[in-house]
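# Fold and geometry: a report
Next come the chains, spelled out residue by residue.
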Amino acid sequence: MKKIIVGNWKMNPPSVEEAVSLARAVAEHVKHPMFNKNVEVVLAPPFIFLYKVYETLYGGKVKLAGQDVFWEKAGAYTGEVSPAQLKNLGAAYVIVGHSERRALGETDEIVGRKLTAVLEAGMTPILCVGEPADVRERGMEAAKEFVGKQLEVIEHKVFEGIIAYEPVWAIGTGNNATPGDAAEMITLIKSLVTSYRLPIPVLYGGSVTSGNAGDFLNREEIDGLLVGGGSLNAEEFGEICRGA
Ligand code: PEP
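Residues numbered from 1 in each chain as written. Predicted model: local features only at pLDDT ≥ 70, side-chain atom pairs only at ≥ 80, totals over all residues. Heavy atoms only, no water.

Below, the discussion takes up the state of the cysteines. The full count for this structure, using the stated rule, is zero disulfides. A disulfide-free cysteine, Cys128 has its sulfur positioned 17 Å from the sulfur of Cys241, the nearest such atom. (Disulfide = S-S within 2.5 Å.)

Structural data, given as structure tokens:
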């Protein structure tokens, strides 16, 4: 199976010019003849940069993702972005339930509505799950129970999307999970959720760098990476992608 590497730019960079030049530099890495054809690279810029990044990437191999989405199709929802609008700007994927969204009040119910909306619009959701630090401190079994509960948003346990296991304590902290623990959790996730196009891809995210990416990507249980900070520098992100 192809490894999938998603760069989540979060609320970066500060200008559209920088967004375009970052996207162009990533596309150059992916275009290189030596670049591993079995790696799918996806960029998730802020909404306001999507169109320019789409133009920059047009005709190339790098795919686009939204960082979030609203669940309604259209209407009076000031400040929100609909699945159809994202698709129209070239997004093939949408991140749903990122822990930074959950920290701002996004509930499992909202996550579930967003998953349905993304699937109905014909895009692929990337559902983020992961336990907070206080749960992980109680041990791996507590973490598994927490993640298992988060996966209950998936109706009938069938999911035509991607899941990213992102322990909250590992995001942006420099404190990554061990590849062994990540693989163990990912194996559990794969046992709890199925898809009509088995096997379901499950990524790891949390303080991935060019120094540790290969350790995750070399594990056959781990189908790719969701990278935040490490995706904001094209050289570093290129190195991470070459780790596959
Ligand atoms: C993320 O944004 O999902 C993430 C994992 O961030 P970082 O790589 O910076 O930990």
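Another point: the packing of aromatic side chains. For the structure on display, the rule yields six aromatic pairs. Seen from their ring centres, Tyr204 and Phe216 are 4.3 Å apart, and the 10 degrees between their planes marks the pair as stacked. Separated by 12 residues along the polypeptide, Tyr204 in strand S7 (residues 202-205) and Phe216 in helix H9 (residues 213-217) bring together distant segments of the chain. This pair shows no difference in class: Tyr204 is buried, exactly as Phe216 is. An aromatic cluster is built from Tyr51, Tyr54 and Tyr58, whose rings are joined through pairwise contacts. (Phe/Tyr/Trp six-rings, centres within 6.5 Å; stacked < 30°, edge-to-face > 60°. Helix = DSSP H or I, 4+ residues; strand = E, 2+ residues; numbered from the N terminus. Buried < 20%, exposed > 50% of the residue type's maximum accessible area, 1.4 Å probe, protein only.)

Taken together, 14 residues are adjacent to the ligand, and His98, Glu166, Gly172, Ser207 and Gly228 come closest. Between the ligand and His98 there is a distance of 2.8 Å, counted from an oxygen atom to a side-chain nitrogen or oxygen. Between an oxygen atom of the ligand and a main-chain N or O atom of Gly172, the distance comes to 2.6 Å. When the free accessible area of the ligand is taken as 290 Å², the share hidden by the protein chains comes to 96%. (Near = heavy atom within 4 Å. Polar contact = N/O pair within 3.5 Å; in protein donor to acceptor, adjacent residues only side chain to side chain. Areas by Shrake-Rupley, 256 points an atom, 1.4 Å probe, with all protein chains shown as cover.)

Once that is clear, we can look at the nonpolar core. If you look at the biggest cluster of nonpolar residues, it comprises 64 residues, and the most contacted ones within it are Leu127, Ile163, Tyr204 and Leu225. Those residues in contact with Ile163, other than ones at most four positions away along the chain, are Leu127, Val129, Leu151, Ile154, Ile189, Val193, Ile200, Pro201, Val202 and Leu203. Counting residues in each nonpolar core, the second largest holds 13 residues, with Ile4, Ile162, Leu203 and Leu226 among its members. (Core = buried A, V, L, I, M, F, W, Y, C linked by side-chain atoms within 4.5 Å. Contact = heavy atoms within 4.5 Å.)

What follows deals with the UniProt feature "binding site: substrate" (unreviewed entry) in the protein. The feature "binding site: substrate" (unreviewed entry), as given by UniProt, occupies Asn8, Trp9, Lys10, Gly172, Ser207, Gly228 and Gly229 in the numbering adopted here. Judged by maximum C-alpha separation, these annotated positions cover 222 residues in sequence but sit close together in space, the widest gap being only 13.9 Å. Among the secondary structure elements, Asn8 is positioned in strand S1 (residues 3-8). Apart from residues lying up to four places away in sequence, Asn8 is in contact with Ala44, Gln67, Ile95, His98, Leu226, Val227, Gly228 and Ser231. A polar contact is formed between the side chain of Asn8 and the side chain of His98, at a distance of 3.5 Å. Tracing the backbone shows Trp9 in the loop between S1 and helix H1 (16-31). The residues contacting Trp9, other than those within four sequence positions of it, are Ala19, Leu22, Ala23, Leu43, Ala44, Pro45, Pro46, Val53, Gln67, Ser231 and Leu232. (UniProt positions renumbered as here; feature names shortened; annotations may be inferred.)

Time to look at unusual backbone geometry. In this chain, Asn12 is followed by Pro13 through a cis amide linkage whose omega measures -10 degrees. The topology assignment puts Pro13 in the loop between S1 and H1. Here Lys10, not a glycine, exhibits a phi torsion of approximately 50 degrees, which is positive. Considering the arrangement of structural elements, one finds Lys10 in the loop between S1 and H1. Exposure remark for Lys10: the relative accessible area of 22% places this residue in the partly exposed category. The phi dihedral of Ser207 is positive, around 55 degrees, even though this residue is not glycine. As for its placement among the helices and strands, Ser207 is situated in the loop between S7 and H9.

With that settled, consider the UniProt feature "active site" (unreviewed entry) in the protein. In the numbering used here, UniProt assigns the "active site" (unreviewed entry) feature to His98 and Glu166. Despite a sequence span of 69 residues, these residues sit close together in the fold, their greatest C-alpha distance being 8.4 Å. Along the chain, His98 turns up in the loop between strand S4 (91-96) and helix H4 (99-102). Its relative accessible area of 5% is what places His98 among the buried residues. Every residue in contact with His98, bar those within four places of it in the chain, is listed here: Asn8, Lys10, Cys128, Glu166 and Ile171. We classify Glu166 as buried; its relative accessible area is 6%. Ignoring anything within four residues of it in the chain, the contact list for Glu166 reads His98, Cys128, Val129, Gly130, Ile171, Gly205, Gly206 and Leu226. In this structure the side chain of Glu166 is engaged in a polar contact, spanning 3.5 Å, whose partner is the side chain of His98.

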